[in-house]
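# Topology and contacts: notes
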Amino acid sequence: MSETLDSKSFRETMNRLVTGTSIHALRRSIELDGSIQMLETSSLSSVMSRAAKSKLETLASFNLKEKFKGQKPDHWLDVIKACKEDATVNN
């Protein structure tokens, strides 16, 4: 993990995480179901996994994958702008 994080600058890492998550949020939220089930079956707390799933579902509700036509945006600010535009339209 440190090799992945240490090989790029903070900005590059943040950009990769935010832009990638913008188009994969729904899939990642679904994948967390397995983690939540495993944790609960093992009598371990799933509070963080449930919180992450909730945030991913919220992000998925912005339909960014469709807005970006399934392509990862170039910059994390594109994601923020798209979310703000959606919030303006829906309020």
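Here goes a summary of the coordinates provided. (Residues numbered from 1 in each chain as written. Predicted model: local features only at pLDDT ≥ 70, side-chain atom pairs only at ≥ 80, totals over all residues. Heavy atoms only, no water.)

## So, the packing of helix H2 (residues 10-41) against helix H3 (residues 47-60)
Each pair of packed helices gets described by two things: the angle between the helix axes and the distance between those axes. Their axes nearest at 8 Å, the elements H2 and H3 cross at an angle of 155°. With respect to each other, H2 and H3 are oriented roughly antiparallel. Between H2 and H3 the crossing geometry is left-handed. Contact residues: H2 offers Thr21, Ser22, Ala25, Leu26, Arg28, Ser29, Leu32, Asp33, Ile36, Leu39 and Glu40, while H3 offers Ser49, Arg50, Ala52, Lys53, Leu56, Glu57, Leu59 and Ala60. When its residues are assigned to classes, the contact of H2 with H3 shows 9 nonpolar, 4 polar and 6 charged. (Axes fitted to C-alpha atoms, helices over the stretch in contact; angles between N-to-C directions. Helix = DSSP H or I, 4+ residues; strand = E, 2+ residues; numbered from the N terminus. Parallel < 35°, antiparallel > 145°, perpendicular 65-115°, else oblique. Left-handed = near helix turned anticlockwise from the far one by under 90°. Contact = heavy atoms within 4.5 Å. Nonpolar A, V, L, I, M, F, W, Y, C, P; charged D, E, K, R; others polar.)

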